[in-house]
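Each chain is listed here by its residues.
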Amino acid sequence: MAGLPKRILKETQRLLTDPVQGINATPDEQNARYFHVVVAGPKDSPFEGGTFKLELFLPEEYPMAPPKVRFMTKIYHPNIDKLGRICLDILKDKWSPALQIRTVLLSIQALLSAPNPDDPLANDVADAWKTNEHLAIQTGEESFLYMYFIFTSLLYFTRFCLLFNNFS
Amino acid sequence: MVRGVAIFKMAARQAVLFDVSVRDSAGRTQIIPVRASTSVSDIKRSFSEKTGVPLNSYQLVFAGRQLSDADTLQALGVQSHSTLFCIRGGVKVEAVPDISVKAVEDKLGKIATDDIEDPPSSPSAANNRFYVYCKSVCKEMKPGKLRVRCASCKDDRFTLTTEPQGWSDVLEKQKLRGRCYNDKCGGDKFAEFYFKCAGHTSGAAGVRDDECVALHMIRTNTVDIECPLCADEKDIMVVFTCDGKDGHCLCLDCFKDFARLALTERRFIENAQSGYSIQCPNRCPDSFITEIHHFRLLGDELYERYQRFGTEECLLQMGGVLCPQVGCGMGMLPEDPGNRVTCPTCRHTFCRNCKNPYHRGNCDAAPPIQALAGTGQQIDGERLRRSRWDEASDAFIRSNASIKPCPRCHVNIEKNGGCMHMTCSKCRFNFCWICLIEWGRRCQDNHWFGERN
């Protein structure tokens, strides 16, 4: 850990000794600027019960430049694309050196609870979310993979057909 | 042992002889050699011996306070080359509230800590100072001295009736009152505070007007606050005013980095209240830096850039244009609403929209610069050199795929990473790097990161 700024040391220490509920961030053994992160799906959200792996990297300019964060687990969310890239203002132009690893991860957790369909990265998901939140929540719960989205859509379609048949 | 050395040093400091000036109402000045332990009555005695003025007929005033005979110079914060003012008669000392300029200076240097109940006493606590930017002599940040004079006649023979409680009392005009002892002015008047540099002696190097600008955001870290950016405890902190009181802070080094980055990335914001400025790192809405001399701390080169960017930003907001000629950059406010603009400095004529040399018709169809060769026109050497430079730079820009002009203001923008959603650092236009049109959902859908999502 030689040459690591005091701020990063302190943040790492605090993340390990006083972790945030539902967030686990551990530095890589080889590279103290690289963190393995596991975020639990927030309660009362479509992601409840799921665990999501992320990678977080602190660039040389940190804290003047934002950390680089990416979802490793595929996730069905309007603000996260299929490569796990996150659309979150504080990771780009709204970054402030007063923010920390902790606050960034909390914001990502909050993004899972409150997706922002008006600023989407994956537009098909955003449209589904806007037009039929129930369906999207179901989809989110049942699968974190896009493949499953198609599968569940088909499932819902079949159910709908069956329902329709019962009425007729 | 250490304590012994400290006491010895203190004794040594008290024993050092230095000069103070005493000025009477006629403007005559007597220089009196003193020590830090010298009392006011001793100075008055020396002054009376030299001038023959009866001892009981006058009082001495220093930095807005009438001095009592028992005060020592050290307690009053009188330093070498300070000037004491002599007022005839004067009210009895007991009637004047005890306003020690040193106590006020200490207060100004501290970080207000409403939320810390029992601030820890650090070794630097005894040494808390406020700071000024010394423009005339030292040309850097230095500990400051607070002085007061009459707001009407600018005479230093003035005593305060209320002690300033903080920076707002000192910086806002016409807030505190006092008594002026100038025969022509006199009576109950508004006080005017001003600042001097403690880093050089007054009147040094022949500079008469050596008043300084107070850097009210710079404070001594008396409460052991950790800088939230570097996590170190530094001696000097920069405290932003958030929500009308002392708010978020960071250490001086981090402040310089923070401001330098915001400046080079052109993230400063031009607004009516504070000019071209930045907010605290937490972006509190009213935390803009209002005293621009704080940006002097970035060094001459960056301060010059700060001034240039600020002027440009202000001009562009007013609807002005900047001359696109290399090495010119002159700002102007053309009255003619047409697209043809001629720079008054370098006489370069250009199109207001695309910033290329002036052309008729649509900007997209603008013809390339015509060579003057064979036309028989005289070419000035300097212009030729410039145009060659310009051509080379144009060629470089055109050949480089990472440089494209902003679709709105046509300033050249280099993309060095990130997604396709670009924000022009000059006109703040949000556009797509691939389509060069306003950023929208279509681009977000199709090629946010360059390939199909």
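Residue indices begin from 1 for each chain and proceed along its sequence in written order. For this description, chains carry letters from A and ligands carry numbers from 1, given in the order in which they are written. Residues qualify for local features only when their pLDDT is at least 70, as the model is predicted, and side-chain atom pairs are given and counted only at 80 or more; totals for whole chains, interfaces and linings, by contrast, use all residues. Note: side-chain values were computed over all heavy atoms of the structure, leaving out hydrogens and water.

Looking up chain B in an unreviewed UniProt entry gives the name E3 ubiquitin-protein ligase parkin, with the organism given as Amphimedon queenslandica. UniProt positions are given in the numbering used here, feature names are shortened, and annotations may be inferred rather than shown by experiment. For the record of chain B, the UniProt heading Catalytic activity (unreviewed entry) holds the text "[E2 ubiquitin-conjugating enzyme]-S-ubiquitinyl-L-cysteine + [acceptor protein]-L-lysine = [E2 ubiquitin-conjugating enzyme]-L-cysteine + [acceptor protein]-N(6)-ubiquitinyl-L-lysine." UniProt's Sequence similarities (unreviewed entry) comment on chain B is quoted here verbatim: "Belongs to the RBR family. Parkin subfamily."

Going by the annotation in an unreviewed UniProt entry, the name recorded for chain A is UBC core domain-containing protein, with Amphimedon queenslandica given as the source organism. In its Sequence similarities (unreviewed entry) section, UniProt records this for chain A: "Belongs to the ubiquitin-conjugating enzyme family."

Caption draft 1: The overall build of chain B, seen in detail. Secondary structure counts use DSSP, requiring at least four H or I residues in a row for a helix and at least two E residues in a row for a strand, with both numbered from the N terminus. When you go through chain B residue by residue, the secondary structure sums to nine helices and 24 strands. Residues count as neighbours in contact if any of their non-hydrogen atoms are within 4.5 Å of one another. Considering only residue pairs separated by 6 or more positions, chain B has 50% of its internal contacts joining residues 24 or more positions apart. Under the convention used here, a 1.4 Å probe and the Shrake-Rupley method define accessible areas, while residue burial counts only the protein chains that appear. Carbon and sulfur atoms provide 50% of the accessible area of chain B, an area that totals close to 24700 Å².

Caption draft 2: Summary view of helix 2 (residues 101-113) of chain A. All names here are of chain A. For helix 2, built from 13 residues, the straight-helix expectation of 18 Å at 1.5 Å per residue is met to within 8% by its first-to-last C-alpha distance of 19 Å. Under the scheme applied here, a residue whose accessible area is under 20% of the maximum for its type counts as buried, over 50% as exposed, and between as partly exposed, the area being computed with a 1.4 Å probe on protein chains only. Those residues of helix 2 lying buried are Ile101, Arg102, Val104, Leu105, Ile108, Gln109, Leu111 and Leu112. Next to the buried residues of helix 2 lie helix 1 (6-17), strand 1 (23-27), strand 2 (34-40), strand 3 (51-57) and strand 4 (68-71). Expected span of a helix: the number of residues minus one, times 1.5 Å.

Caption draft 3: Spatial organisation of the UniProt feature "domain: Ubiquitin-like" (unreviewed entry) in chain B. The UniProt record marks residues 18-84 of chain B with the feature "domain: Ubiquitin-like" (unreviewed entry), using the residue numbering of this structure. Secondary structure content for residues 18-84 of chain B is 24% helix and 31% strand, while the C-alpha to C-alpha distance between its ends is 14 Å.

Caption draft 4: Representation of the confidence of the model for chain A. Averaged over every residue, the pLDDT of chain A is 78; residues scoring 70 or more account for 67%. Every residue in residues 141-145 of chain A scores below 50 in pLDDT, and together they form 12 contacts with partners more than four places removed in sequence or on other chains. Each residue carries a pLDDT score, the predictor's confidence in it, ranging from 0 to 100.

Caption draft 5: The arrangement of unusual backbone geometry in detail. Omega for the peptide link from Tyr62 of chain A to Pro63 of chain A comes to 10°, which places this bond in the cis form. Note on placement: Pro63 of chain A falls in the loop between strand 3 and strand 4. The backbone of Gln174 of chain B sits at a positive phi, close to 55°, despite the residue not being glycine. Following the sequence through the fold, Gln174 of chain B ends up in the loop between helix 5 (167-171) and strand 9 (177-180). A residue is classified by how much of its surface remains accessible, and Gln174 of chain B, at 54% relative accessible area, is exposed.

Caption draft 6: Quick peek at the state of the cysteines. Residues and elements named next belong to chain B. Put simply, a disulfide is two cysteine sulfurs that come within 2.5 Å. Applying the stated criterion to the full structure yields zero disulfides over all chains. Of all cysteine sulfurs, the one in Cys180 lies closest to Cys86, which takes part in no disulfide; the gap is 15 Å. Overall, Cys86 belongs to the buried group, its relative accessible area being 5%.

Caption draft 7: Up close: the environment of Gly299 of chain B. Residue and element names in this part refer to chain B. If you trace the backbone, Gly299 turns up in the loop between strand 16 (275-277) and helix 7 (300-317). Residue classification places Gly299 among the partly exposed positions, given a relative accessible area of 28%. On a C-alpha basis, the gap between Gly299 and Asp183 in space is 45 Å, while along the polypeptide they are 116 residues apart.

Caption draft 8: The UniProt feature "active site" (unreviewed entry) in chain A, seen in detail. Under the present numbering, the feature "active site" (unreviewed entry) in UniProt falls on Cys87 of chain A. Tracing the backbone through its elements, the reader meets Cys87 of chain A in the loop between strand 4 and helix 2.

Caption draft 9: Fine view of the sheet that holds strand 1 (residues 18-23) of chain B. Residues and elements named next belong to chain B. With mixed pairing, the five strands of this open sheet are ordered in space as 2-1-5-3-4. The open sheet terminates on both sides in strands that have one partner only, identified here as strand 2 (29-34) and strand 4 (65-66). Whether two strands pair comes down to DSSP finding at least two bridges between them. Sheet topology places strand 1 next to strand 5 (residues 83-88); three bridges connect them, and they run parallel. Bridge pairing in strand 5 links Val22 to Leu84. Every angle, taken between N-to-C directions, lies between 0 and 180 degrees, and every axis is a line fitted to C-alpha atoms, over only the stretch in contact when it is a helix. On top of the sheet, helix 2 (residues 40-51) reaches strand 1, strand 2, strand 3 (58-62) and strand 5; it is set at about 135° to strand 2, its chief contact.

Caption draft 10: How the structure looks around the domain arrangement of chain B. Throughout, the edges of the domains are those of an automatic or database domain assignment. Under the domain assignment used here, chain B contains domain 1 (2-216), domain 2 (226-317) and domain 3 (399-453). The C-alpha-based centres of domain 2 of chain B and domain 3 of chain B are spaced at 28 Å.

Caption draft 11: The pattern of salt bridges, seen in detail. All names here are of chain B. Throughout this description, the term salt bridge denotes a Lys or Arg side-chain nitrogen within 4 Å of a carboxyl oxygen of Asp or Glu. If you walk through the whole model with that rule in mind, you get 23 salt bridges over all chains. Of the charged contacts in the structure, one is a salt bridge between Arg157 and Asp155, with a shortest N-O distance of 2.7 Å. Considered together, Arg157 and Asp155 belong to a single accessibility category, that of buried residues. A salt bridge links Lys175 to Asp169, with the nearest nitrogen and oxygen atoms 3.4 Å apart. Classification of Lys175 by relative accessible area gives partly exposed; the value is 36%. What you see here is one network of salt bridges that share partners, running through Arg266, Glu304, Arg308, Glu312 and Glu313.

Caption draft 12: Just the packing of aromatic side chains, in detail. All names here are of chain B. The aromatic pairing rule takes the rings of Phe, Tyr and Trp, using the six-membered ring of Trp, and pairs them if the centres are within 6.5 Å, calling planes under 30 degrees apart stacked, those over 60 edge-to-face and the rest tilted. Using the criterion set out here, one finds 15 aromatic pairs over all chains in the structure. Between Phe268 and Tyr276 the ring centres are 5.4 Å apart and the planes differ by 35°, which places this aromatic pair in the tilted class. The buried category is assigned to Phe268, whose relative accessible area is 3%. An aromatic cluster of three or more residues is present, and its members are Phe268, Tyr276, Phe295, Tyr303 and Tyr306. Lysine NZ or arginine CZ positioned within 6 Å of the ring centre and within 35 degrees of the ring normal marks a charge as sitting over the ring. The ring of Tyr58 has Lys44 lying over it, and the distance from NZ or CZ to the ring centre is 5.6 Å. Looking at Arg149, its charged tip hangs above the ring of Tyr194, at a distance of 4.1 Å from the centre.

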